[in-house]
Amino acid sequence: MGNTNYYAAMTNNAANQPIFYAGKAQSVDLCSVSACFPHVLTYPEPGFAGGSQETGSLSCPSAPSATNPCVVTVRVRTPDVGGPGAGSLLEEVGSYALASSHPQGATTNAQAEADNVPLEIDGVCCYNFK
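Below is a short write-up of the structure. (Residues numbered from 1 in each chain as written. Predicted model: local features only at pLDDT ≥ 70, side-chain atom pairs only at ≥ 80, totals over all residues. Heavy atoms only, no water.)

On to the sheet that holds strand 2 (residues 18–24). With antiparallel pairing, four strands are arranged side by side in an open sheet as 1-2-5-6. Two strands bound the open sheet, and with one partner strand each, they are strand 1 (6–12) and strand 6 (71–75). Ignoring which end each strand starts from, the neighbouring axes of this sheet average 30° apart. In terms of strand pairing, strand 2 meets strand 5 (residues 51–59) through four bridges, oriented antiparallel. Within strand 5, the position partnered with Ala22 by the bridge is Ser52. (Pairing = 2+ DSSP bridges. Helix = DSSP H or I, 4+ residues; strand = E, 2+ residues; numbered from the N terminus. Axes fitted to C-alpha atoms, helices over the stretch in contact; angles between N-to-C directions.)

Here it is in structure tokens:
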């Protein structure tokens, strides 16, 4: 799938209802030269460039813990993540929990430069999956 990053995600809205979505990751470049680094990756919600509404579920025990966690399932339409086939190798798969003060799809260059970007709470990286 080339050098394109795709994501599947769940976020909680203000009414405490999960929203499931997927798409092509976007980036905010932190300088005026087109090939410079770093880039801030964003995972746009539905309604922003790159974010497509998906279905899913969230199941939490009454007392979640490390040994009895919540389970998030996102059912992704394959065209929304580049159309991988059933036998495709997904490389460098990661899973993260992020906290953000604003929708990721609306992140501006000024916010990224001010470090107003999603904060990683937890995560695991990276493994290949077929």
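Residue Cys125 is joined to Cys126 through a cis peptide bond whose omega torsion reads -5°. Here Cys126 lies in strand 8 (residues 119–129). The phi angle at Asp115 is positive, at roughly 65°, despite the residue not being glycine. Relative to the elements of secondary structure, Asp115 occurs in the loop between helix 1 (109–113) and strand 8. The exposure class of Asp115 is exposed, given its relative accessible area of 61%. (Buried < 20%, exposed > 50% of the residue type's maximum accessible area, 1.4 Å probe, protein only.)

For Asp122, the location among the structural elements is in strand 8. Assessed through its relative accessible area of 52%, Asp122 is described here as exposed. When near neighbours in sequence (up to four residues on either side) are disregarded, Asp122 contacts Ser95, Tyr96 and Ala97. (Contact = heavy atoms within 4.5 Å.)

With that settled, the discussion passes to the packing of aromatic side chains. Enumeration over the complete set of coordinates arrives at two aromatic pairs. Between Tyr7 and Tyr43, the aromatic rings sit 5.4 Å apart at their centres with planes inclined by 70°, giving edge-to-face as the arrangement. Pair noted here: Tyr7 is in strand 1 and Tyr43 is in the loop between strand 4 (39–42) and strand 5, with a separation of 36 residues, a long-range link. On the basis of relative accessible area, Tyr43 is assigned to the partly exposed category, the value being 25%. Members of the aromatic cluster, each reached through a chain of ring pairs, are Tyr7, Tyr21 and Tyr43. (Phe/Tyr/Trp six-rings, centres within 6.5 Å; stacked < 30°, edge-to-face > 60°.)

This is a description of form; function is not addressed.
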